[in-house]
Structures are given as C-alpha cells and as structure tokens.
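# Geometric and topological summary
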Amino acid sequence: MKATNQIKVDRKTKDKTHAITQALNILKQGDLFGIFPEGTRSRTGQLQKAYTGVAKLVLKAKVPIIPVGITGTYEILSAHDKFPKLKKCQFKIAQPIYLDKYYGQEDDKEVLRKITDDLMKQIGEMVGEEYKW
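Residues numbered from 1 in each chain as written. Predicted model: local features only at pLDDT ≥ 70, side-chain atom pairs only at ≥ 80, totals over all residues. Heavy atoms only, no water.

### Some words on unusual backbone geometry
What counts here: Secondary structure counts use DSSP, requiring at least four H or I residues in a row for a helix and at least two E residues in a row for a strand, with both numbered from the N terminus. For the exposure calls, accessible area comes from a 1.4 Å probe over protein chains only, and a residue counts as buried if that area is under 20% of its type's maximum, exposed if over 50%, partly exposed in between.
Residues other than glycine seldom take positive phi values, yet Lys62 does so here, at roughly 55 degrees. Position of Lys62 among the secondary structure elements: in the loop between helix H2 (53–61) and strand E1 (68–71). Using a relative accessible area of 53% as the deciding quantity, one classes Lys62 as exposed.

### So, the pattern of salt bridges
This is how it is decided: A pairing counts as a salt bridge when a side-chain nitrogen of Lys or Arg comes within 4 Å of a carboxyl oxygen of Asp or Glu.
Applying the stated criterion to the full structure yields four salt bridges. Asp107 serves as the salt-bridge partner of Lys56, at 3.4 Å between the closest nitrogen and oxygen. Of this pair, Lys56 sits in helix H2 while Asp107 sits in the loop between strand E2 (90–93) and helix H4 (109–127), and the two are 51 residues apart along the sequence. Relative accessible area serves as the criterion here: at 29%, Lys56 is assigned to the partly exposed category. Asp107 gets classed as exposed once you look at its relative accessible area, which sits at 59%. A salt bridge links Asp117 to Arg113, with the nearest nitrogen and oxygen atoms 2.9 Å apart. One end of the pair, Asp117, and the other, Arg113, are both in helix H4, four residues apart, so they sit about a helical turn from each other.

### Some thoughts on the packing of helix H1 (residues 17–28) against H2
Keep this limit in mind: The axes are straight lines fitted to the C-alpha atoms, using for helices just the contacting stretch, and the angles between their N-to-C directions are given from 0 to 180°. Angle categories are assigned with fixed cut-offs, so that under 35 degrees is roughly parallel, over 145 is roughly antiparallel, 65 to 115 is roughly perpendicular, and the rest are oblique. For any helix crossing, the convention is left-handed if the near helix is rotated counterclockwise from the far helix by under a right angle, and right-handed if that rotation is clockwise. Any two residues whose heavy atoms approach within 4.5 Å at even a single point are treated as in contact.
Running from N to C, H1 and H2 point in directions that differ by 50 degrees, and their axes come no closer than 10 Å. Taken together, the axes of H1 and H2 lie oblique to each other. Taken as a pair, H1 and H2 cross one another with a handedness that is right-handed. Here Ile20, Ala23, Leu24, Leu27 and Lys28 of H1 come into contact with H2, specifically with Leu57, Lys60 and Ala61.

Encoded structure:
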C-alpha cells in the first residue's frame, strides 16, 4: 500500500478520522485523490450501493468530483479470485462535477446521499449499467 500511496482504512472501527485527514490534506494541496465510492470490490461485478464519504470529503475540501467509470476489472480479478487474469479494462473519465451550491452542507445526510446517488448514476451510464440504489 505504501508503494502506491494508498491510504489504509480500518474497516473494523467506525473511526475513519486518520484516513479522512490524509485524504483532505492531499486534496487541499491540489493533488488528485482516487476513491471507490462503494468501498470494496463487488461480489457480483455489478454496481453496489455507494457510501456517502466521497460527497462528504469533496464538500469539506471544496473540490470538484471527477467521475471515472471502469469496466473489465471484475474479469481481471473478482473478489473470488486469488490471482489476476491478463485481460484489459477500460477507463472513462467525465467532466468535473462542481458542488459549490452544497458547500457548508457536509453534515446534511440527504445532501450527501443525493450527491452520491447522482455521481453513481453518472458512473453507471459511463459503464453501461443502471445504478439501482
């Protein structure tokens, strides 16, 4: 994880303060930060319900979201596989989403859910899949 500058998130504890602080520092320095809204690999290869942490993070940092849709990763390494397969995946990158109108609302659960669901619907369109949550 250190070699690729990943931030470890301890799933056993509800306290994500360390990971959030690290991510905010990266964003406030003007660097890009990738995060998977679903929090883990899909067990089925389909889009799963996303967590609202992405929305909360970008509102706190006051930065846009750049949606990225990735296809083919399940075929490369599903959650059930031990070793990756040599196959291709595809990345689609959309225009940034500016959320200025939501700044200061990072604790509003309805706002966070709306931003998250809108983001995931766009990612679903990018990868040719319906976001059903």
